[in-house]
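A look at the structure
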Amino acid sequence: MGEVQEIFSDDVKEVFAVGLDSEARGYQTATILGEKIFVIGGSSDGSTLSIDVKVFHKSTGKWSVPKVLGTKPTPCKGHSAVLLNKERILILKRDSTPEDCAWFLEVDTPFIREQKKILNVDVVAWSKGVRGYSPKPIVISGPSGVGKGTLINKLMKEFPSMFGFSVSHTTRAPRDKEKDGVHYHFTERSIMEKEIRDGKFLESASVHGNLYGTSIEAVEVVADAGKRCILDIDVQGARSVRVSSLDAVFIFICPPSFEELEKRLRARGTETEEQVQKRLCNARLELELGRSSGLFDHILVNDDLETCYQSLKKLLGLDVSMEATQQQSQKMVDAPLGDSESEMDQKVLIQCRASELGKTSKNWFVLDVSSIKGGAPGRTRGINMYAIDPFADGQYGIKTSS
Ligand SMILES: Nc1nc2c(ncn2[C@@H]2O[C@H](COP(=O)(O)OP(=O)(O)O)[C@@H](O)[C@H]2O)c(=O)[nH]1
Ligand SMILES: Nc1ncnc2c1ncn2[C@@H]1O[C@H](COP(=O)(O)OP(=O)(O)O)[C@@H](O)[C@H]1O
C-alpha cells in the first residue's frame, strides 16, 4: 500500500485527527473520547516516529501517561487515527506494508475495563490488525497424561504450515527431552510473577504446584507466522482465555477411564511418585470441571489414539479438502460493499498515492473493520481491505479485491 493521504469515516463527528506541533515534535494525532484526548505519536529520531500515547484530561487540564499493554507498532513516518465504536482507535501507519498498516489502540474495550480493575491504573493496549478471516485459535485442556501433547504433536506434524504451538512459560523443571523455548519457556517464579504484574500474560495459573502461563507474545508470534495457534493449558487457563478476547475453540480431552489415565501417566515415566499422586488427585477435579462446566465447545475421549485424532481433525474442519476451504475464505473476503448507513459505519475510505503508478495516480481503498474478531491481548483479526473506484458510475463501485 502507498502513502495514506486522507481518511474519511461516518464516525467523522467523533473523530478529531490532526497533526499537532508537527514541526517540533513529529507527527501526532489527537482523538477525543469523552473528556479525554488521546494524543498518539511523539518522539522523533529525525526520520521515523516512535508511537507513544499520552492523555489530556479536558476537565482538569492535566496530562497523564497510561500503562500501555501489548507490543506497540514499530516507528513510522506518521499515521492517521480514527475512533471506532468509542472503544478503540484505528491507527493507519504511513508508508507501511499491507501487513503492518492497521493497528488498534484499545481504550475502552471489555479487556481494558478488566485490566483497569486488576492493575488499578489507567490502561490502554495495542493490538495489530490482521487481514482476512484467519481461523480461531484452539485451546486444548485435559488432565495430565490424557494425551494432549501426543494429539497436538500429531496435528503439528501432519499440518506443519497450518498450526503453531503457543509456547507457555512455566516454573517447573524441564523434563529430559524438553527444550527451553520449544516445549516451554522455563523461568523463575519471581521473574514470571513480575511479568504477570506487568501485563505480559494472556492468562496464568498455578497447576500441580507450579506456575504456568501463556504470554501475549507467545500467541502473537504464531499469528504473525500466519498460523493457527494451539494452546495446551489447564482448565483454569481455559476459563481465563474464555473471558479474554482471543475468541478460541475450546476442546477438552478425557481418558476412557481413570485407571487408563493412571496407567499412561506412569508409563510415560516423567514424574516422581509424589508428582504422579498430585497429578492424579488434580485429575479428578479437572475431569469434573471439564465435563460439566459448559466451558468447552467439544469433549473428546482419547481411547484409541487414531480414532481420537481423526475426531479432532474432523471438528477442526480438516477432513474437507483444502480447495473447499480456500473457496470459502475467498468468498468472505470478496463480500460486496454495502450502501446502507449501518454497513458504512465501520468502513474507512483511504486515499493512497501509489508512487510506482506515477505522481498523479490515486488509489482508493476501503478498510472494513465491521466484522473484526479478537483484539488485545493478541491480534485483531478479520480486517478486510479492497480497492474501489469511488467515482465509477457516480457511486462507490468495487474495482478489485484482495
Ligand atoms: N493455565 C495454563 N496451564 C498450562 C500452561 N501450559 C501448560 N499448562 C497446563 O499445565 C498442566 C501441566 O503441564 P505439564 O507440566 O507439561 O504436564 P502434562 O500435562 O502432564 O504434560 C497441563 O494441564 C497443561 O495443560 C499455560 O500456559 N497456562
Ligand atoms: N490413546 C492413547 N492410548 C495409549 N496411550 C496414549 C494415548 N494417547 C497418549 N498416550 C500415551 O500416554 C502418555 C501421556 O500422553 P501425553 O501426550 O504426554 O499426555 P498429556 O500431554 O496430556 O500430559 C504418553 O506416553 C503417550 O504416548
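Since this is a predicted model, take the numbers as computed values, not measurements.

Topic: the sheet that holds strand β16 (residues 210-215)
Strand order in the open sheet made by the four strands is β14-β13-β16-β15, with mixed pairing throughout. Each end of this open sheet is capped by a strand with a single partner; those strands are β14 (184-186) and β15 (201-207). Shown here is a sheet whose adjacent strand axes are inclined to one another by a mean of 25 degrees, direction ignored. In this sheet, β16 lies alongside strand β13 (residues 168-170) in antiparallel orientation, the contact comprising two bridges. Bridged to Thr170 within β16 is Tyr212. The sheet contacts of helix α5 (residues 216-224) involve β15 and β16, and relative to β16 the element is tilted by about 40 degrees.

Things to note about the site of ligand 1
Taken together, 20 residues form the shell around ligand 1, and within it Ser144, Ser168, Arg172, Tyr184 and Tyr212 come nearest. Between ligand 1 and Lys148, the relevant distance is 3.4 Å, taken from an oxygen atom to a side-chain nitrogen or oxygen of the residue. Take Arg172: an N or O atom from its side chain is 2.6 Å from an oxygen atom of ligand 1. In isolation ligand 1 has 560 Å² of accessible area, and contact with the protein removes 96% of it. Going through the elements one at a time, β15 and β16 are the ones with two or more residues in the shell around ligand 1. Split into classes, the residues belonging to the shell around ligand 1 amount to five nonpolar, seven polar and eight charged.

A short note on the sheet that holds strand β5 (residues 62-64)
The four strands are arranged β2-β3-β4-β5 in an open sheet whose pairing can be described as antiparallel. Looking along the sheet, the strands with just one partner apiece sit at the ends: β2 (28-33) and β5. Going across the sheet, the axis of each strand differs from the next one's by a mean of 25 degrees, ignoring polarity. Direction of pairing for strand β4 (residues 52-57) relative to β5: antiparallel, over a ladder of three bridges. When the sheet's bridge partners are listed, Val55 is paired in β5 with Ser64.

A few points about the packing of helix α3 (residues 148-158) against helix α9 (residues 305-315)
Interaxial distance between α3 and α9 falls to 10 Å at its minimum, and their mutual angle equals 60 degrees. Here α3 lies oblique to α9, going by the angle between them. The handedness of the crossing between α3 and α9 is right-handed. On α9, the residues touching Thr150, Leu151, Lys154, Leu155 and Glu158 of α3 are Leu305, Glu306, Cys308, Tyr309, Leu312 and Lys313. Split into classes, the residues belonging to the contact of α3 with α9 amount to six nonpolar, one polar and four charged.

Comments concerning the pattern of salt bridges
Applying the stated criterion across every chain yields a total of 25 salt bridges. Ionic pairing is found between Arg88 and Glu106, a salt bridge with its closest N-O pair at 3.4 Å. Of this pair, Arg88 sits in strand β8 (residues 88-93) while Glu106 sits in strand β9 (residues 102-106), and the two are 18 residues apart along the sequence. For the pair formed by Arg88 and Glu106, the shared burial category is buried.

Some thoughts on α5
All of the buried residues in α5 are Ile216, Ala218, Val219, Glu220 and Val222. Residues of α5 that are buried sit in contact with β12 (163-165), β15, β16 and β17 (228-232). Following α5 by one or two positions, Gly226 has its phi on the positive side, about 75 degrees.

Thoughts on the domain arrangement of the protein chain
Domain boundaries assigned for the protein chain yield domain 1 (4-132 + 331-388) and domain 2 (138-329). The partner domain 2 presents 14 residues to the 16 residues of domain 1 that form the contact. Across the domain 1 to domain 2 interface the summed buried area is about 1300 Å²; carbon plus sulfur atoms make up 47%. Of the charged contacts, one joins Asp247 and Arg381 as a salt bridge, the two residues approaching to 3.8 Å between their closest N and O atoms. For the interface between domain 1 and domain 2, the tally reads five residue pairs in polar contact (both at pLDDT 80 or more). Among the secondary structure elements, those contributing two or more residues to the side of domain 1 that touches domain 2 are β6 (67-69), α10 (322-333) and β22 (373-374).

Here is what the cut-offs are and how they apply
Residues numbered from 1 in each chain as written. Chains lettered and ligands numbered in written order. Predicted model: local features only at pLDDT ≥ 70, side-chain atom pairs only at ≥ 80, totals over all residues. Heavy atoms only, no water. Pairing = 2+ DSSP bridges. Helix = DSSP H or I, 4+ residues; strand = E, 2+ residues; numbered from the N terminus. Axes fitted to C-alpha atoms, helices over the stretch in contact; angles between N-to-C directions. Contact = heavy atoms within 4.5 Å. Near = heavy atom within 4 Å. Polar contact = N/O pair within 3.5 Å; in protein donor to acceptor, adjacent residues only side chain to side chain. Areas by Shrake-Rupley, 256 points an atom, 1.4 Å probe, with all protein chains shown as cover. Nonpolar A, V, L, I, M, F, W, Y, C, P; charged D, E, K, R; others polar. Parallel < 35°, antiparallel > 145°, perpendicular 65-115°, else oblique. Left-handed = near helix turned anticlockwise from the far one by under 90°. Salt bridge = Lys/Arg side-chain N within 4 Å of Asp/Glu carboxyl O. Buried < 20%, exposed > 50% of the residue type's maximum accessible area, 1.4 Å probe, protein only. Domains from an automatic or database assignment. Buried area = accessible area lost by both parts, 1.4 Å probe.

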